[in-house]
Amino acid sequence: MSGSFVWEDPLLLEDQLSEEERQIRDAAKSFAQSELKPLILEWNRNETFDPEIMKEFGKLGFLGATLPDYDCAGIGFVSYGLICRELEYVDTSFRSSVGVQTGLVMAPIHQYGSDEQKQRFLPGLREGELIGAMALTEPNHGSDAGAMQSRAKKVDGGYKLSGTKQWITHSPCAHVILVWAKDEDDVVRGFILERGMAGLETPKIEGKMAVRASPTGFVMMDEVFVPDENVLPKAQGLSAPLSALTNARFGICWGAMGAAEFC
């Protein structure tokens, strides 16, 4: 039994990767080191986020990368994990932006949305022309999502949503916000809100101690009217938002490896 230990690759991942996975990893690493690394010191210091960076992620195929259609890259999950690893090697903010767009917004729309919703939102989100956010966490109910207080009341042609979500990545700049709220039967449903809807406010949370180059905020809803065509038809129950969290956590696990490697 050998007593050697490979500090640069403790899990011996390199030997297990396919040639395609290595190529994707190398391309992500090159971009992260050449384009993102020069930005992060000032962005972190000043809580800066330039939405144009999402278009760069889109050009590289990072957004919605695992989805098989709607012109998404359709790469394997290991390849996507390798991208997250390289992004977080520079800073968790970049991995967070890609992870939220991909796992928390695009994936649930793809899984639970109608064909019309997918055709309407996924291309813009894939390109980074649209920025997405998912609103689940509330001020009084963080990890206890089932105790959410946000409510959706059925009205003619749609629903009216009221409530407050907190710690929502991208909320201050998102064009599309996937909100989870309980209907009048106490069933959790998914609603696609769009910036500019009456009664919707998304103030930024200032002065964070970490993830400073990624905007975080509230989603405040005062009887926001959401038309029926913006309700996810296949999402009923807490399993839908929890499945989205599972998608995001996969990328977070890989990102944690990148952060540890940088340290």
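Our structure's up above, just so we're on the same page.
What counts and what doesn't
Residues numbered from 1 in each chain as written. Predicted model: local features only at pLDDT ≥ 70, side-chain atom pairs only at ≥ 80, totals over all residues. Heavy atoms only, no water. Helix = DSSP H or I, 4+ residues; strand = E, 2+ residues; numbered from the N terminus. Rg over C-alpha atoms; globule rule 2.2 N^0.38 Å. 1 Å grid on protein atoms, 1.4 Å probe; cavity = no way out; pocket = protein on both sides within 12 Å on 5 of 7 lines; lining within 4 Å. Points joined across faces, edges and corners; volume = space filled by probe spheres on them. Nonpolar A, V, L, I, M, F, W, Y, C, P; charged D, E, K, R; others polar. Core = buried A, V, L, I, M, F, W, Y, C linked by side-chain atoms within 4.5 Å. Buried < 20%, exposed > 50% of the residue type's maximum accessible area, 1.4 Å probe, protein only. Contact = heavy atoms within 4.5 Å. Axes fitted to C-alpha atoms, helices over the stretch in contact; angles between N-to-C directions. Parallel < 35°, antiparallel > 145°, perpendicular 65-115°, else oblique. Left-handed = near helix turned anticlockwise from the far one by under 90°. Salt bridge = Lys/Arg side-chain N within 4 Å of Asp/Glu carboxyl O.

What is the right way to look at the overall build of the protein in this model?
Across its full length, the protein carries 6 helices and 8 strands. Secondary structure elements of the protein occur, N-terminal to C-terminal, as α-α-α-α-α-β-β-β-β-β-β-β-β-α. What you see for the protein is a C-alpha radius of gyration of 19 Å, in line with the 18 Å of a compact globule of 263 residues. Expressed as lengths along the three principal axes of its C-alpha atoms, the size of the protein is roughly 70 × 35 × 35 Å.

Can you walk me through the layout of surface pockets in this structure?
Here the idea is plain: a probe the size of a water molecule rolls over the atoms and shows the empty space left. Here the largest pocket defines a volume of roughly 600 Å³. What lines the largest pocket is a set of 24 residues, and nearest its centre among them are V100, L104, T137, W167 and T169. Those elements giving two or more residues to the lining of the largest pocket turn out to be α4 (92-112), β3 (158-169) and α6 (239-262). Of the residues contributing to the lining of the largest pocket, the split by class is 12 nonpolar, 9 polar and 3 charged. Within this model, the second largest pocket holds a volume of roughly 180 Å³. Put simply, the parts of the chain that give the lining of the second largest pocket at least two residues each are α3 (77-90), α4 and α6. A per-element tally of the lining of the second largest pocket places α4 first, with 5 residues.

Explanation requested: the nonpolar core in the structure shown.
Soluble globular proteins tend to bury their nonpolar side chains together. Ranked by internal contacts, the top residues of the largest apolar core, which has 55 residues, are L36, F57, F62, L87, F94, M134 and W180. With 8 residues, the top contributor of residues to this core is α4. With residues near it in sequence (within four places) discarded, M134 still touches L104, V105, I168, L178, W180, P241, A244 and L245.

Would you explain the packing of α3 against α6 in this entry?
Angle between the axes and distance between the axes are the two parameters that describe a pair of packed helices. Taken N-terminus to C-terminus, the directions of α3 and α6 make an angle of 40°; their axes are 7 Å apart at the nearest point. Of the possible angle classes, the one that applies to α3 and α6 is oblique. Read as a crossing pair, α3 and α6 show a hand that is right-handed. Judged by residue contacts, F77, V78, Y80, G81, L82, C84, R85, E88 and Y89 of α3 engage F250, G251, W254, G255, A256, M257, G258, A259, E261 and F262 from α6. Classifying every residue of the contact of α3 with α6 gives 12 nonpolar, 4 polar and 3 charged.

Got a minute to help me understand the pattern of salt bridges in this structure?
Between side chains of opposite charge, a pair can form when the charged atoms approach closely. Tallied over the full model, the rule gives 20 salt bridges. K29 is the partner of E86 in a salt bridge, and the nearest nitrogen-oxygen pair spans 3.6 Å. Residue E86 is found in helix α3, and its partner K29 is found in helix α1 (residues 19-46); the two are separated by 57 residues along the sequence. What makes E86 buried here is its relative accessible area of 6%. What makes K29 partly exposed here is its relative accessible area of 34%. Ionic pairing is found between E127 and R126, a salt bridge with its closest N-O pair at 2.9 Å. Residues joined in a network through salt bridges with shared partners are E14, R22, R25 and D26.

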